[in-house]
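Chains, contacts and geometry: an overview
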Amino acid sequence: MNFIDSIKLGFIRCFDYKTRSSRSEFWWFELFTIIASVGSIFIGSLLGMGEIPSYIVDTVLLIPWISLATRRLHDIGLSGWWQLIAFTIIGLIPLIIWWCTKSHEGRNRFGDNPLDYPF
């Protein structure tokens, strides 16, 4: 999975909460969200618009990101509801570990391994 493909799939599958996504798809999209967020802050300050562009970009990226994070957890056999532990702040630690965990080989209850069938 490359940078461009992960961005495309992130938006195409933004309402897919049932299947799996690979580590590369997740982390390339995460890099894109960081670049877009920082870029929107920079553009907002240059244009004198404050944080308005940043709010717009973050709102547009929220649903695809949550969906992708859910599919990433599905890839290691966990429910997407585990994302809610992020609200405890300390829960970010296991989430980051899970997002970095290697995919389950073969099929699990959420479908086929995304590395076997990338698209």
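Small disclaimer: the values here were computed from a predicted structure and weren't measured.

Below, the discussion takes up the side chain of serine 37. In this fold, serine 37 is placed in helix H2 (residues 23-47). Excluding its chain neighbours within four sequence positions, the residues that come into contact with serine 37 are Val57 and Asp58.

The subject of this paragraph is the packing of aromatic side chains. Per the stated rule, a full pass over the model turns up ten aromatic pairs. With a centroid separation of 6.4 Å and 70° between ring planes, the pair formed by phenylalanine 3 and phenylalanine 32 is classed as edge-to-face. Of the two residues, phenylalanine 3 sits in helix H1 (residues 3-12) while phenylalanine 32 sits in helix H2, which places them 29 residues apart along the sequence. For phenylalanine 3, a relative accessible area of 25% translates into the label partly exposed. Where phenylalanine 26 meets tryptophan 99, the ring centres are 5.0 Å apart and the plane angle is 35°; that geometry is what we call tilted. In this pair, phenylalanine 26 sits in helix H2 while tryptophan 99 sits in helix H4 (residues 92-100), placing the two residues 73 residues apart along the sequence. For phenylalanine 26, a relative accessible area of 0% translates into the label buried. On the accessibility criterion, tryptophan 99 (8% relative accessible area) is buried. Taken together, Phe3, Phe11, Trp28, Phe29 and Phe32 form an aromatic cluster joined through their ring pairs.

Turning next to the confidence of the model for the protein. Looking at the protein as a whole, the pLDDT averages 93, with 98% of positions reaching at least 70. Here H1 stands out as the least confident element of the protein, with mean pLDDT 94; H4 is the most confident, with 96.

Right, let's get into the nonpolar core. Counting residues in hydrophobic clusters, the biggest one holds ten residues: Phe26, Phe29, Leu61, Leu68, Ala69, Leu73, Ile76, Leu78, Leu95 and Trp99. Secondary structure elements with two or more residues in this core: H2, helix H3 (52-75) and H4. For this core, the element with the highest residue contribution is H3, accounting for four residues. Setting aside chain neighbours within four positions, we find leucine 68 in contact with Ser21, Glu25, Phe26 and Phe29.

Here the focus is a nonpolar patch on the surface. A cluster of nonpolar side chains, namely Phe11, Phe42, Ile43, Leu46, Leu47, Met49, Ile52, Ile56 and Val60, defines an oily patch on the protein surface of about 890 Å² accessible area. When contributions to the nonpolar patch are tallied by element, the ones reaching two or more residues are H2 and H3. Of the residues forming the nonpolar patch, the biggest block, four residues, is contributed by H2. By secondary structure assignment, the location of isoleucine 43 is in helix H2. By relative accessible area, which is 45% here, isoleucine 43 ends up partly exposed.

The rules we used
Residues numbered from 1 in each chain as written. Predicted model: local features only at pLDDT ≥ 70, side-chain atom pairs only at ≥ 80, totals over all residues. Heavy atoms only, no water. Helix = DSSP H or I, 4+ residues; strand = E, 2+ residues; numbered from the N terminus. Contact = heavy atoms within 4.5 Å. Phe/Tyr/Trp six-rings, centres within 6.5 Å; stacked < 30°, edge-to-face > 60°. Buried < 20%, exposed > 50% of the residue type's maximum accessible area, 1.4 Å probe, protein only. pLDDT = per-residue confidence, 0-100. Core = buried A, V, L, I, M, F, W, Y, C linked by side-chain atoms within 4.5 Å. Patch = residues over 30% accessible without salt bridge, like charges linked within 9 Å, V, L, I, M, F, W, Y side chains within 5 Å. Areas by Shrake-Rupley, 256 points an atom, 1.4 Å probe, with all protein chains shown as cover. Salt bridge = Lys/Arg side-chain N within 4 Å of Asp/Glu carboxyl O.

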